[in-house]
Amino acid sequence: MADIESLLKETRTFKPDPQFSRSANWNKKTVAAYRKEGEKNPERFWARMAKENVSWFSPWKKVLDWKPPYAKWFVGAKTNVSYNCLDRHLEGENAWRRNKAAIIWEGEPGDSRVITYAELHREVCRFANVLKSKGVTRKDRVILYMPMIPEAAIAMLACTRIGAAHSIVFGGFSAEALRDRIVDADAKLVVTADGGYRKGEPFGLKAQVDAAVRRAPSVESVVVVQRTGQKVTMKRGRDCWYHEEMAAASPVCPPAKLDAEHPLFILYTSGTTGKPKGILHTTGGYLTHVATTTRAIFDLKETDVYWCTADVGWITGHSYVVYGPLACGATTLMYEGVPTHPGPDRWWSLIAKWGVTILYTAPTAIRTFIRLGDDLPKAHDLSSLRLLGSVGEPINPEAWIWYHEVIGGKRCPIVDTWWQTETGGIMISSLPGSVATKPGSATFPLPGIDAAILDEEGNEVKPSSGGLLALRKPWPGMLRGIWGDKARFKEVYWSKWKNTYFPGDGAQRDRQGYFWIMGRIDDVMNISGHRIGTMEVESALVSHRDVAEAAVVGRPDEITGTAVVAFVTPRGGVKPGAPFIKTLKGHVTKEIGAIARPADIRFTNALPKTRSGKIMRRLLRDIASGREVAGDTSTLEDFSVLASLKESDEN
Ligand code: WT7
């Protein structure tokens, strides 16, 4: 609550620039009309967007079939995502886009490729034929475990072309995490690379796939892109090289005419248990949502060079690196590596080099750059920029103002976009040209989105008092379920109130109706804009033979937003200390990946529990962040635990 208190003291307002407003894709009048229609008749509004922004092979019979919590959008309609992202830009009045850059890609070592729409279309058709030759059909799942290279986008689009659902696993996840996801999705094929580049060094991916697939019997084939040239082992009959298959494949592959509700992808995200949830998205509604929001919020014009810095392994990479911008016929920039290689100004030199006009990134990155100093961005020509976006966590006003002044040169509107893996696309955001912004506020729900702030009983709270963010009406990009787990889908998202979706965030509105998102209220941490469940890290820790018990909480961190703190009770006879800390940090990295690696590990003889055995995380959070333990401790079973916990420290 302290964070939101300080956010709410923010009174600065930034009005849209009249010139920007005049040329915006959605001007003030349009936005007003859309808001009205979205409120009165959201189905009519979304049907309008579906017609305007998506091409359909055959029309729908019904816009929405809503049997809570299950929604079907554009019932009976047929379309194809790769057709919308590629073919339609090569035909008729859009045919001039054939030679427009679809993807500008830059590798970390400095190599680059510019891929036109016509070229991307050919590559995608070829790879779709490769998938088909491996027996992949519209009934299958394909895992992508790849670096940020164009082949990742090609593989995604090829899956959509034939109707196979992809499930991308972020390249930073461990072999163990990869295996869990392959098994859960029951995937037939894995697309990977020998490796990728990170911080100036090649890292391996194929070796992780080998380890994962050893215990994932559903996988019949592995296709390997050669990126780094590092040595890998290829298993005969199972593994093949991407470049060899592509050379032999035909560049002709008609897009499958898929039902609007055909599965598009599964993306795993953390929840409050140790097992990640496979969030399922489908075709027509998702595409409508991402195409509409990309066009409206980023105000994409034909001449823009748009850069969303997310990795394709996260939802932002799906919706706003690949599908949204390509559906709009835009030029999307993909960068392979870290922001700090070969120097800490890599991003700014990329912007100057390619003339980036729109930059969409996360507060954690902005805070990192603030710390590195203004000289780095100031040494580069950033005058091409005309719009900035933020996503992943609440942006603190200090970072907002720095972003506005130092990166945006005070001329670029900032869109702070709230959404999540489950929503598929942006839900709450400013619209440039029509909404006055306040640093730290995502402003208002988009037209057609019914967001509110409710109390536990489902009543709307008064202005300026805290509550729970809620979505009261279905929207086209919404998740259609958790893969293979109906009960969990209902329980996690739909059990708090009747027919209303609960995203898991706390929020409040100010007197002018602006939304201020506070962040997760459940046992999910937001590390650098990525979701990690406390339970996931706990299960990783207790899987180590020398750990008796573990509890994990987040503490505030200046750069990453939240840092992972683990309280660990070692098994009898095990010596706590620096070597054991190192072992445990390495163990979590191996089990999940480096993003989940605890910043602090504190050893303790006992954890604070209630009489019924529930760990009192609230107390641990206070201790982890060095605060006085506040609030009720009367349910604590053993008070002496508190004192000893406070003394626990690294070592
Ligand atoms: C959670 C979703 C959506 C893409 C990246 C993360 C937090 C996201 C904002 C924002 C405040 C935000 C929420 C949300 N979040 N954007 N603009 N302001 N909080 O996707 O991993 O599914 O995480 O990120 O807590 O629930 P994700």
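Treat the numbers as computed from the prediction; the structure is a model and nothing was measured.

The rules behind each value
Residues numbered from 1 in each chain as written. Predicted model: local features only at pLDDT ≥ 70, side-chain atom pairs only at ≥ 80, totals over all residues. Heavy atoms only, no water. Helix = DSSP H or I, 4+ residues; strand = E, 2+ residues; numbered from the N terminus. Contact = heavy atoms within 4.5 Å. Core = buried A, V, L, I, M, F, W, Y, C linked by side-chain atoms within 4.5 Å. Buried < 20%, exposed > 50% of the residue type's maximum accessible area, 1.4 Å probe, protein only. Domains from an automatic or database assignment. Pairing = 2+ DSSP bridges. Polar contact = N/O pair within 3.5 Å; in protein donor to acceptor, adjacent residues only side chain to side chain. Axes fitted to C-alpha atoms, helices over the stretch in contact; angles between N-to-C directions. Parallel < 35°, antiparallel > 145°, perpendicular 65-115°, else oblique. Left-handed = near helix turned anticlockwise from the far one by under 90°. Expected span 1.5 Å × (residues − 1). Arc of directions from axis to C-beta. Phe/Tyr/Trp six-rings, centres within 6.5 Å; stacked < 30°, edge-to-face > 60°. Lys NZ or Arg CZ within 6 Å of the ring centre and 35° of its normal. Near = heavy atom within 4 Å. Areas by Shrake-Rupley, 256 points an atom, 1.4 Å probe, with all protein chains shown as cover. Nonpolar A, V, L, I, M, F, W, Y, C, P; charged D, E, K, R; others polar. Salt bridge = Lys/Arg side-chain N within 4 Å of Asp/Glu carboxyl O.

1. Here we look at the environment of G477
Looking at where G477 falls in the secondary structure, it is placed in the loop between β22 (467-471) and β23 (481-482). Along the primary structure G477 and G425 are separated by 52 residues, whereas in three dimensions their C-alpha atoms are 6.1 Å apart. When sequence neighbours within four positions are dropped, the list of residues in contact with G477 reads H281, G285, Y286, H289, E422, T423 and G424.

2. As for the nonpolar core
Core analysis: the largest hydrophobic core is formed by 166 residues, its most contacted members being L120, F127, I182, F298, Y323 and V537. Both domain 1 (1-80 + 282-309 + 318-523) and domain 2 (528-647) contribute no fewer than three residues apiece to this core. What Y323 contacts, discounting residues up to four positions off in sequence, is V81, C85, M156, L157, T160, H166, F265, Y286, V290 and H318. Counting residues in each nonpolar core, the second largest holds 29 residues, with V305, Y335, W354 and V406 among its members.

3. Examining the pairing of strand β27 (residues 530-533)
Regular strands show a simple pattern: their side chains alternate between the two faces of the sheet. By the alternation rule, side chains of β27 split into H530 and I532 and R531 and G533, which are all buried. Summarising the sheet, strand β26 (residues 524-527) and β27 pair through four bridges and their orientation is antiparallel. The residue bridging N526 from the neighbouring strand is R531, located in β27. The turn linking β26 back onto β27 is made up of two residues, and S528 within it adopts a positive phi angle of 50°.

4. Describing the side chain of T228
As for its position among the elements, T228 is in the loop between β11 (221-225) and β12 (239-241). Within the structure, T228 has its side chain in polar contact with the side chain of Q230 (distance 2.6 Å). In this view, T228 contacts D194, G195, G196, Y197 and P202; residues no more than four positions away in its chain are not counted.

5. Things to note about the packing of helix α20 (residues 617-624) against helix α21 (residues 640-647)
Contact geometry of α20 with α21 gives a least axis separation of 10 Å together with a crossing angle of 30°. Relative to α21, the element α20 lies roughly parallel. As for the relative orientation of α20 and α21, their crossing is right-handed in sense. Between α20 and α21, the contacting residues are L619, L620 and I623 on the first element and L642, L645 and K646 on the second.

6. A word on helix α3 (residues 28-40)
The end-to-end C-alpha distance of α3, which contains 13 residues, comes to 18 Å, matching closely the 18 Å that a straight helix rising 1.5 Å per residue would cover. Listed in full, the buried residues belonging to α3 are T30, V31, Y34, E37 and G38. One side of α3 carries all its buried residues, which in axial view fall inside an arc of 135°. Opposite the buried face of α3, at more than 90 degrees from it, the exposed residues are K29, K36, E39 and K40. Its buried side turned inward, α3 meets α4 (42-53). For α3, the N-terminal capping position is held by N27, with its side-chain oxygen 3.1 Å away from the main-chain nitrogen of K29.

7. Structural notes on the packing of aromatic side chains
Going through the model one piece at a time under the given rule, you end up with 35 aromatic pairs. Measuring from ring centre to ring centre gives 6.4 Å for W347 and W348, while their planes differ by 80°; the resulting arrangement is edge-to-face. On the basis of relative accessible area, W348 is assigned to the buried category, the value being 2%. Aromatic pair W497 and F502: ring centres 5.5 Å apart, planes at 85°, arrangement edge-to-face. Each of the two residues, W497 as well as F502, counts as buried. Feature note: the residues W66, Y70, W475, F489, Y493, W494 and Y501 constitute an aromatic cluster, connected by ring pairs. The cationic tip of K257 hangs over the ring face of F57; the distance from NZ or CZ to the ring centre is 5.1 Å. The cationic tip of K438 hangs over the ring face of Y514; the distance from NZ or CZ to the ring centre is 4.2 Å.

8. Describing the site of the ligand
Within the structure, the ligand sits among 18 residues, and D416, T417, T421, D505 and R531 are positioned closest to it. The separation between a nitrogen atom of the ligand and a polar side-chain atom of D416 is 2.8 Å. Contact distances for the ligand include 3.0 Å between an oxygen atom and a side-chain N or O atom of R520. Burial of the ligand by the surrounding chains reaches 96%, relative to a free accessible area of 550 Å². Taken together, the elements giving at least two residues each to the shell around the ligand come down to α12 (315-327), β20 (414-417) and β25 (515-520). Considering only residue class, the shell around the ligand consists of six nonpolar, seven polar and five charged.

9. Focus: the sheet that holds strand β21 (residues 451-454)
One open sheet accounts for four strands, arranged β21-β22-β24-β25; its pairing is antiparallel. At either end of the open sheet lies a strand with only one pairing partner, and these are β21 and β25. Taken over all neighbouring pairs, the strand axes of this sheet differ in orientation by 45° on average, direction set aside. Bridge count for β21 against β22 is four bridges, and the pairing is antiparallel. In the sheet register, L454 faces β22, and the bridge partner there is L468.

10. Notes on the environment of P109
Inspection of the secondary structure puts P109 in the loop between β4 (101-106) and β5 (112-116). We classify P109 as exposed; its relative accessible area is 52%. Residues P109 and E336 lie 227 residues apart in sequence; the distance between their C-alpha atoms is 8.9 Å.

11. Focus: the pattern of salt bridges
On inspection of all chains with the given rule, the structure shows 46 salt bridges. Between D239 and K206 there is a salt bridge whose closest N-O contact spans 2.8 Å. On the criterion of sequence distance, the pair formed by D239 in strand β12 and K206 in helix α9 (residues 206-213) is long-range, its members being 33 residues apart. Each of the salt bridges in this network shares a partner with another, and the network as a whole consists of K206, D210, R238 and D239.

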